[in-house]
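Reading the structure
Listed below, chain by chain, are the residues.
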Amino acid sequence: MLTRAAHSVTGTEAVGPYTLLRIQRGDLDPGLPGQFFMLEAPGRLLPRPMSLCLATESELAFLIDPIGPGTRALCSLELGDRLAILGPLGNGFRLDVERPLLVGGGIGIAPLPYLSERLDNPPAVLGFRTSWHAEAAALVPNAEVVLEPIYVTEVMPAGHDVLACGPAPMLEAIRALTPHAQLAWEAPMACGYGACWGCVVRIDGELKRLCVEGPVLDAAA
Amino acid sequence: MRLLNASGCLDALTALEVARSLDVFVTKTVTPMPRAGNDPVRIAEVDGGMLNAIGLANPGIERFCGDTLARLAGLEVWVSVGGFSVQDYADLAARLDGEDVAAIELNLSCPNVDEVPESVGEVVAAARAVTEKPLYAKLSPAVPDVAETARAAEAAGADGLSLVNTIRGLALDERTLRPVLARGPGGLSGPALRPVALAAVHACRRATALPIVGMGGVATGRHVLELLAAGANDVALGTILFSDPAAPGRIRAELEAELAAHGFADADNAVGAAHEADLPTLHQRSRVRVEKHLHTGLNVAG
């Protein structure tokens with residue numbers, strides 16, 4: 001069911017350049033790591049797709065990079081503000097992996113804290129532009145952190161089941177190294193539930209909707 | 001008054017319950033051959049609305065009829081069709097004539113493809129010749145006189161008008177100043193389109209006797225009431241469905257309150273309330289939709 005309901009902000013905190021937005025969980029299903037929610041961005045026409053970063057019994061939290069008017073509006077929310085939330089949506093990570101390795105780049109680490117918890121804190125490799133951005137690594141246990149110009153692909157140990165989220169060039173590089181990786185992509189979305197056809201990416205040679213087919217895709221796709 | 005979705009703003013196969021909350025499900029535009037659509041980026045939020053340049057992505061008419069249509073069973077389905085020549089539209093209308101669809105909407109106004117169909121009158125007449133299905137002409141408001149186009153559609157045998165399609169807009173990237181959308185321009189929808197839609201519906205209501213499906217920026221029951229007052233008989237929801245899939249139920253409830261507050265017995269009584277002088281008597285053709293539907297088997301396409 002596409003149930004959208006208003007939830008209260010329970011707090012926000014700065015994490016490097018990012019904002020961790022905490023929402024009252026209510027009866028929201030956190031879904032699988034890698035699934036996403038459409039968050040109403042105050043004053044904007046369209047909601048913004050955000051993967052879940054952390055789930056507790058009383059809260060859901062989203063890690064947001066204020067890069068545009070919608071994400072800036074979300075980062076400006078204050079305690080007690082209410083916003084409509086739709087989700088969880090899309091397909092998350094498969095958790096039936098034997099030797100998980102989490103790989104994240106920049107704001108792409110957003111789904112990894114929740115993923116790490118669900119997989120009992122496996123090793124992680126995280127890459128950031130600066131040490132300021134890397135403050136977000138504190139959200140992911142057992143993480144090795146690299147800063148540019150070192151890339152995550154240079155320090156990824158072999159022989160793991162890779163679950164990754166990050167910028168497209170990083171995901172392409174991981175795809176080339178580990179064809180069995182699970183990769184979480186992003187695309188601009190108006191709806192998040194298959195209605196607008198705005199979020200297409202090339203999958204198996206065809207333009208398909210990331211919100212319906214993904215956002216987590218097998219590297220071989 | 002029926003509540004529909006605007007073509008291209010809902011996929012009943014991924015959101016059946018949303019389609020069921022409407023009176024009519026209008027498909028994304030179907031073309032003769034399959035189309036992949038435009039490369040991403042395809043959408044952008046802008047001041048007062050959003051742009052899209054999807055590019056008529058669809059499986060083509062044969063796969064649509066052979067696969068998609070069967071999966072829409074139980075819904076009242078209007079099929080939006082788009083082509084690149086008069087013959088395309090005639091072929092599409094003929095192909096759908098024997099199918100279980102309630103009406104055909106001729107998309108005569110997509111802003112996101114390079115190939116421009118020929119005159120509205122020619123296209124409507126060619127489709128009219130091969131089908132008894134109700135034909136709705138979906139028009140662009142981005143013309144000097146949309147009422148003239150509406151009269152041409154009526155003269156050619158259209159059963160109704162869908163007003164309006166999006167109008168062309170451009171968004172530039174905050175940092176690079178390059179167009180955000182891969183295609184460059186896109187169709188503008190949302191709040192900024194609403195006064196444009198109201199003006200088009202108002203003008204066409206005065207110019208023709210055809211039933212009108214009004215659409216463009218509708219987000220509340222008040223917006224529906226205003227389109228009805230301008231002269232729409234039915235109303236379609238577009239961009240609002242993206243942010244709020246529960247919009248149909250909410251808007252119906254808001255409309256009930258608006259109608260009561262303005263003293264209208266029902267929605268149909270509000271139609272044309274914005275007009276002072278006598279309006280053309282509503283064309284009756286669309287009112288016999290059910291009877292015509294029963295007879296479609298007797299009509300040989302072409």
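These lines cover the structure that appears in this document, whether it is placed above or below. All of these numbers come straight from a predicted model, not from anything done at the bench. (Residues numbered from 1 in each chain as written. Chains lettered and ligands numbered in written order. Predicted model: local features only at pLDDT ≥ 70, side-chain atom pairs only at ≥ 80, totals over all residues. Heavy atoms only, no water.)

1. Examining the sheet that holds strand E11 (residues 161-165) of chain A
Residues and elements named next belong to chain A. The 6 strands lie next to each other as E10-E9-E8-E11-E12-E15, forming an open sheet whose pairing is mixed. Both outer strands of the open sheet, strand E10 (143-147) and strand E15 (216-218), are each paired with one neighbouring strand and no more. Neighbour to neighbour, the strand axes of the sheet diverge by 20 degrees on average, direction disregarded. Of the strand pairs in this sheet, E11 and strand E12 (residues 182-184) are connected by 3 bridges, and their pairing is parallel. In the strand pairing of E12, Cys-165 is matched with Ala-184. Packed on one face of the sheet, helix H4 (residues 168-177) meets strand E8 (100-105), E11 and E12 and runs near 165 degrees to E11. (Pairing = 2+ DSSP bridges. Helix = DSSP H or I, 4+ residues; strand = E, 2+ residues; numbered from the N terminus. Axes fitted to C-alpha atoms, helices over the stretch in contact; angles between N-to-C directions. Contact = heavy atoms within 4.5 Å.)

2. Remarks on the pattern of salt bridges
Residues and elements named next belong to chain B. Taken as a whole and assessed by the stated rule, the structure comprises 21 salt bridges over all chains. With a shortest N-O distance of 3.1 Å, Arg-250 and Glu-254 are connected by a salt bridge. Highlighted residues: Arg-250 and Glu-254, both in helix H9 (residues 247-262), separated by 4 residues, approximately one helical turn. Among the residues examined, Glu-254 registers a relative accessible area of 27% and is labelled partly exposed. (Salt bridge = Lys/Arg side-chain N within 4 Å of Asp/Glu carboxyl O. Buried < 20%, exposed > 50% of the residue type's maximum accessible area, 1.4 Å probe, protein only.)

3. A few points about the packing of helix H5 (residues 146-155) of chain B against helix H6 (residues 194-207) of chain B
Helix-helix packing is described using two parameters, namely the angle between the two axes and the distance between the axes. Residues and elements named next belong to chain B. One way to put it is that H5 packs onto H6 with a least axis distance of 8 Å and a crossing angle of 45 degrees. Here H5 is positioned oblique relative to H6, judged by the angle of their axes. Note on packing geometry: the crossing formed by H5 with H6 is right-handed. Together, Val-146, Ala-147, Ala-150, Arg-151 and Glu-154 of H5 and Ala-200, Ala-203, Cys-204 and Ala-207 of H6 make up the contact between the two elements. A per-class count over the contact of H5 with H6 returns 7 nonpolar, no polar and 2 charged. (Parallel < 35°, antiparallel > 145°, perpendicular 65-115°, else oblique. Left-handed = near helix turned anticlockwise from the far one by under 90°. Nonpolar A, V, L, I, M, F, W, Y, C, P; charged D, E, K, R; others polar.)

4. Details of the interface of chain B and chain A
In this complex, chain B contributes 30 residues to the contact, which on the side of chain A involves 27 residues. Both faces considered, chain B and chain A share a buried interface measuring about 2,400 Å² in area, 59% of it formed by carbon and sulfur atoms. Linking Asp11(B) and Arg209(A) is a salt bridge whose minimum nitrogen-to-oxygen distance equals 2.8 Å. Linking chain B to chain A there are 12 residue pairs in polar contact (both at pLDDT 80 or more). Broken down by secondary-structure element, the contributors of at least two residues to the side of chain B that touches chain A are helix H1 (16-20), strand E3 (43-46), strand E4 (49-52) and helix H8 (240-243) of chain B. Top element by residues in the side of chain B that touches chain A is H8(B). It accounts for 3 residues. (Buried area = accessible area lost by both parts, 1.4 Å probe. Polar contact = N/O pair within 3.5 Å; in protein donor to acceptor, adjacent residues only side chain to side chain.)

5. Side note on the nonpolar core
Judged by nonpolar contacts, the single largest core of 124 residues is most densely connected at Tyr193(A) and Leu161(B). Among the elements that line this core, the one with the most residues is helix H3 (residues 86-97) of chain B, at 6 residues. Sequence-distant contacts of Leu161(B), defined by excluding residues within four places in its chain, comprise Tyr136(B), Ala137(B), Leu139(B), Ala150(B), Ala153(B), Cys204(B), Thr208(B), Leu210(B), Pro211(B), Ile212(B) and Val213(B). Tyr18(A), Val97(A), Leu112(A) and Leu126(A) belong to the second-largest nonpolar core, a separate cluster that totals 25 residues. (Core = buried A, V, L, I, M, F, W, Y, C linked by side-chain atoms within 4.5 Å.)

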